[in-house]
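Okay, here's what each chain looks like letter by letter:
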Amino acid sequence: MTQPLRWGFGLSPDALPLLNRLLEAGLIDQIARPAQGSHWTSGELPSLLAREWPHSNAWIAVGACGAITRLIAPLLGQKESDPAVVVLDPAGRFAVPLLGGHAAGGEALAQAIAASLDGQAVLSGASQHRGLLALDAFGRSWGWRRGSGDWDGLMKAAQRGEPIELEHRHGQPLWQGLSGLSALTGASPERSGNSGRTLVVDVEQGPGCRWHPPALWLGLGCERGTSLSLLERAVENALRDRGLAAEAVAGLASATRKADETALLELAGRRGWPLRCFSSEELRAVPVPNPSAAVLAELGTASVAEAAALLAAGVAGELLLEKRIERANTDEQGAATVAIACAAQQWAPQRGQLHLVGSGPGSLDLLTADARRALAESSVWVGYGLYLDLLEPLRRPDQLRRDGQLTQERERCREALQLACQGLTVALVSSGESGIYGMAGLALEQWLELAEPDRPAFSVHPGISALQLAAARAGAPLMHDFCTISLSDRLTPWEVIERRLQAAAAGDFVVALYNPRSLGRDWQLSRARALLLAGGRPANTPVVLARQLGRREEAVSLHNLGDLPIDQVDMLTLVLIGNSTTRQASGRVVTPRGYPGAALR
């Protein structure tokens, strides 16, 4: 399916540098430019807007709010179908969601733009002002699709402070812990009996305002050459008769022999539903209520629709609709069998995103714009509690925090990846740089273990490493070749660490030591110093001890390798050891770019 575009335009040529930044960051898909020259001719921009408005999902405009309002006013239709419009000042300091704040995702887009530009999103909606959850919009970031209901009535009731009744029946339940939700509902409200004040998360249709998680699997079997219209009718009738929402469909499931069936592929493509196919052996192993001897004789399995639906739904999947046959009308050909199963967990990796975020040493001033944007876009933050504490000022009431233990890196990666596979946008947070002794490698290993269709989007967002900040605080100690070595033998045998230390000494590298000393490992740093000294490193080699970098407790001190105060070092300290040419002067450390006799070129 063709995705609607996010356009960017400016009212003056001065907007182009800012628009190019947004294009490079992936926040817009295309820049609208005058046909000739640098200025819009009379009627040119209104004509472009009118032509592309129905096919777009967002417009990012650089200019005055009043001028933009007059431009788009003739195009306004229904808020459910209008695209988002976000207005920026030419300096990129403020992002204002002028239109489609909730329904079209304008507020979320403004927040992502502001994070990327280190600006501020100016949100005037009542939900944002009061720190409340935007009930009519938040579900998209949880991988859900919005269904029927009096959404205007629900939002107005919430703004009046009336209690909202919540019903969670299917899908990821963690959303119930959002702080913006507890502020909205207060202590468990009594059932109001008013469906206009009820929010339901469910795979079924019904009263109230409904979000539908992707948990339904449609098992389909069909004759060769079956018409697309027949398949569409079979699916629509099955969902309607069982009272299930099409928005809750996670995907289609069938037999491997049907993987090239034209109508089946067209149906999947039109609806944006992934297609899972299973071998006859896999299908044959599934107990079903309605096996068929004829199907067994033809395909080697007694069931396609029911067995495929249950296999796709996974462990604890439940068959909600047993197989039913749809036959061709006079202008169609073929026949189709449909069954529907519901999974215990929602599944939509094609909607999910896993962001590996390096949070920097700790100060929010040192957080990269790329990392800020990833955090702003994520509905769930997963990380070690101390690191999340440092980022807490940036977390909104519609974002959930999931704290993990210090030694449970694999479990944190697994949880973050599972949530992303369910269709959520997730930030997995490491301190410093996530690709340097962080979570990026472990998360990528687990991601690669998934089958390709089951992988959510995966991206790594760089942060500032403790090594970089320690060097900046000390002066310029990394002007020549350097290496980093972790002294933790929890994941690396000490024999390997010793060989690396000896190699670093022999190569005369500047050395940064991570994880240098803890209560349970208090001898490794002394051994590392001895190895470097034995390898020819002079005793007067400058050493930088940098502790709690980027935080209020930050302390940086300069020492020599020979009399290094090892008892002052802990796991929050980075030890930076110069090479044979590194020198200390006036409270600064410098390593020359070249060795004596070498010429800079």
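In this numbering scheme, every chain counts its residues from 1 along its sequence in written order. Reporting in this predicted model follows two pLDDT cut-offs: at least 70 for local features of residues, and 80 or more for side-chain atom pairs to be given and counted; totals over whole chains, interfaces and linings ignore these cut-offs and use all residues. Computation of side-chain values covers all heavy atoms of the structure but excludes hydrogens and water.

Caption draft 1: Inspection of the environment of proline 453 at higher detail. Helix and strand definitions follow DSSP, with helices as H or I runs of at least four residues and strands as E runs of at least two, each counted in order from the N terminus. Here proline 453 lies in the loop between α16 (440-448) and β20 (457-461). Burial classes follow relative accessibility: with a 1.4 Å probe on protein chains only, a residue under 20% of its type's maximum area counts as buried, one over 50% as exposed, and anything between as partly exposed. A residue is classified by how much of its surface remains accessible, and proline 453, at 63% relative accessible area, is exposed. C-alpha separation for the pair proline 453 and glycine 177, spaced 276 residues apart in sequence, amounts to 30 Å. Contact criterion: two residues are considered in contact whenever any of their non-hydrogen atoms come within 4.5 Å of each other. Residues contacting proline 453, with those up to four places away along its chain left out, are Trp347 and Pro349.

Caption draft 2: How the structure looks around the sheet that holds β20. Only strands that DSSP links by at least two bridges are regarded as paired with each other. The sheet built from five strands is open, its strands ordered β18-β17-β19-β16-β20 with parallel pairing. Each having just a single partner strand, β18 (400-404) and β20 make up the two edges of the open sheet. For this sheet, the mean angle separating the axes of adjacent strands, direction not counted, is 20°. Sheet topology places strand β17 (residues 380-384) next to strand β19 (residues 425-430); four bridges connect them, and they run parallel. Opposite glycine 383, over in β19, you have valine 429 as the bridge partner. Axis definition: a line fitted to C-alpha atoms, over the contacting stretch in the case of helices. Angles run 0 to 180 degrees between N-to-C directions. The sheet strands contacting α16 are β16 (353-358), β19 and β20, and the helix crosses β20 at an angle near 170°.

Caption draft 3: Up close: the nonpolar core. Ranked by internal contacts, the top residues of the largest apolar core, which has 37 residues, are Leu135, Phe138, Trp142, Trp175, Leu199 and Leu428. Counting residues per element, the ones that place at least two in this core are α6 (151-159), β9 (198-201), β10 (209-212), β16, β17, α15 (409-421), β19 and α16. Note on terminology: a nonpolar core comprises buried Ala, Val, Leu, Ile, Met, Phe, Trp, Tyr and Cys residues joined through side-chain atoms within 4.5 Å. Ranked by size, the runner-up nonpolar core spans 29 residues in total, among them Leu239, Val249, Ala263 and Trp273.

Caption draft 4: Highlighting the packing of α15 against α16. Between α15 and α16, whose axes approach to 9 Å, the crossing angle comes to 50°. Considered as vectors, α15 and α16 are oriented oblique to each other. Every pair of crossing elements has a handedness; the one defined by α15 and α16 is right-handed. Counting all contacts with α15, which are made through Glu409, Arg410, Cys413, Arg414 and Leu417, the residues of α16 involved are Leu442, Ala443, Gln446 and Trp447. An angle counts as roughly parallel when it lies under 35 degrees, as roughly antiparallel when it exceeds 145, as roughly perpendicular when it falls between 65 and 115, and as oblique in every other case. Should the near helix be turned counterclockwise from the far one by less than a right angle, the crossing is left-handed, whereas a clockwise turn marks it as right-handed.

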